There are 2 protein chains.
Amino acid sequence: MMKPLTTKEKILETARQLFWTRGYSNVSVRDITGAAGVDAALVSRYFGGKQGLFEATLAVIPQWPALQAEPEHVIEEAVASFSHPFDRDCEEANPFTMLLANIIDPEMGDKIRDLVQTALAEPLAEKLGGDKRHDHAAMVLSTLFGMALMRKNFRLHALKDLDTEEIRARNNHLVQSALKF
Amino acid sequence: MMKPLTTKEKILETARQLFWTRGYSNVSVRDITGAAGVDAALVSRYFGGKQGLFEATLAVIPQWPALQAEPEHVIEEAVASFSHPFDRDCEEANPFTMLLANIIDPEMGDKIRDLVQTALAEPLAEKLGGDKRHDHAAMVLSTLFGMALMRKNFRLHALKDLDTEEIRARNNHLVQSALKF
DNA sequence: AGAAAATGTCAACACTTGTTGACTTAACGG
DNA sequence: CCGTTAAGTCAACAAGTGTTGACATTTTCT
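**A few points about the interface of chain A and chain B**
1) Next: In this complex, chain A contributes 43 residues to the contact, which on the side of chain B involves 43 residues.
2) Next: When chain A packs against chain B, the two sides together hide about 3800 Å² of surface, and 68% of this comes from carbon and sulfur.
3) Next: Applying the counting criterion to the chain A and chain B interface returns two salt bridges.
4) Next: Across the pair R170(B) and D135(A) runs a salt bridge whose closest N-O atoms are separated by 3.1 Å.
5) Next: Inspection of the chain A/chain B interface yields 15 residue pairs in polar contact (both at pLDDT 80 or more).
6) Next: Sorting elements by how many residues they give to the side of chain A that touches chain B places helix α8 (residues 133-153) of chain A first, with 13 residues.
7) Next: Residue classes in the side of chain A that touches chain B are distributed as 23 nonpolar, 13 polar and seven charged.

Below, the structure is given as structure tokens:
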């Protein structure tokens, strides 16, 4: 028994779906409002414009669950969160996909970079601990995002049909050796 | 004593610089012709339009030099080619940057994915050899692009000030363990 | 020199973009 | 019931997009 979405919520949800998969500047206000079945003027009215709408989608980014885990389980949780299959060539709107989709955006690139630094790299480093925690965090993220990039964006044939367990095993193998550096 | 560039060459060179760093749909025809100091109409005249101009820039992609090396040196050459420093926050137009800048482009994404598969993954797999050559190629590319992504696009602080040798050492460490899988 | 072809210029087109203001309609409170 | 506020619709704007055709200029060839 879900309460039906308000118009404002419909816009925000559709915007999240489109912005996070196609990237900020590849999505027009009319793309969003068209898909949501509402008037285009409401974006400026409710969110102060396209830019405000995008930032509103960022505000509801769930915390990376891996960062909530006990320090000794952070790695396995992080690996797990990058190991589920991507919907078969269809678009899935998760925070990591969003980061990959907006890295070079001319208007939002800086905001995205800041988000990676403050919401992923720094908390992960503190969880990992140790003298080289910042280096380790960077290399763990590098490993996980590298595999995500190959699977989701470049869609390499060799990685296409691997199931969750196989991906998790490979991610774990790579991450463990990154931590041994 | 360089022969001065023809107008057509000026357009192509400027287009390569801009397309490869900002991505196809983040660059307008007038951006290019403005920077090149020529008339905007010449793009359609010489290259058949914006799309044709972009594809012309892809045609001059140099072969990945690592793929020309002897099989026993392929890995070290590949690692080396991903280890030089990125120009300090200024845009460098190399083929790998281009691939990262265009992965989610709504018009060119398919072409980029195809390029990665046929120009990088498959030749690399053949050079590596062995039963798991396709898996190994995918994981090597994953490792190298992962680090490139963290350095060039996300600009993680922890990786910012590392010199070529340090990056090469880390890339090599990760790639070697990827091959041990 | 004169014809022909290449080269470059200019203005305009049809279209999409984000945003705004005026308008109509619905909901709520007294 | 009426007045006020919220919610949503509509048409239009100014700016930017890729592309085109007509024109002017220069170069090339005979």
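**Here we look at the protein's contact with DNA strand C**
1) Next: Around DNA strand C, 16 residues are found, and the nearest of them are V29(A), R30(A), K50(A), T7(B) and Y46(B).
2) Next: Side-chain polar atom of T7(B) to a phosphate oxygen of DNA strand C: 2.5 Å apart, as the coordinates give it.
3) Next: Listing elements by their share of the surface near DNA strand C, those giving two or more residues are α2 (29-36) and α3 (41-47) of chain A together with α3 (41-47) of chain B.
4) Next: With four residues, α3(B) is the single largest residue contributor to the surface near DNA strand C.
5) Next: A breakdown of the residues in the surface near DNA strand C according to their chemical character gives six nonpolar, four polar and six charged.

**Here we look at the side chain of S81(B)**
All names here are of chain B.
1) Next: Structurally, S81 can be placed in helix α5 (residues 74-81).
2) Next: A relative accessible area of 16% places S81 in the buried class.
3) Next: Only 3.0 Å separates the side chain of S81 from the side chain of W64, close enough to count as a polar contact.
4) Next: Among all residues touching S81, those that are not within four sequence positions of it are W64 and F96.

**Notes on the environment of L162(B)**
Residues and elements named next belong to chain B.
1) Next: As for its placement among the helices and strands, L162 is situated in the loop between α9 (157-160) and α10 (164-179).
2) Next: Taking the C-alpha atoms as reference points, L162 and D114, 48 residues apart in sequence, are found 32 Å from one another.
3) Next: Beyond its immediate stretch of four places on either side in the chain, L162 contacts I167 and R170.

Cut-off values and rules
- Residues numbered from 1 in each chain as written.
- Chains lettered and ligands numbered in written order.
- Predicted model: local features only at pLDDT ≥ 70, side-chain atom pairs only at ≥ 80, totals over all residues.
- Heavy atoms only, no water.
- Contact = heavy atoms within 4.5 Å.
- Buried area = accessible area lost by both parts, 1.4 Å probe.
- Salt bridge = Lys/Arg side-chain N within 4 Å of Asp/Glu carboxyl O.
- Polar contact = N/O pair within 3.5 Å; in protein donor to acceptor, adjacent residues only side chain to side chain.
- Helix = DSSP H or I, 4+ residues; strand = E, 2+ residues; numbered from the N terminus.
- Nonpolar A, V, L, I, M, F, W, Y, C, P; charged D, E, K, R; others polar.
- Near = heavy atom within 4 Å.
- Buried < 20%, exposed > 50% of the residue type's maximum accessible area, 1.4 Å probe, protein only.

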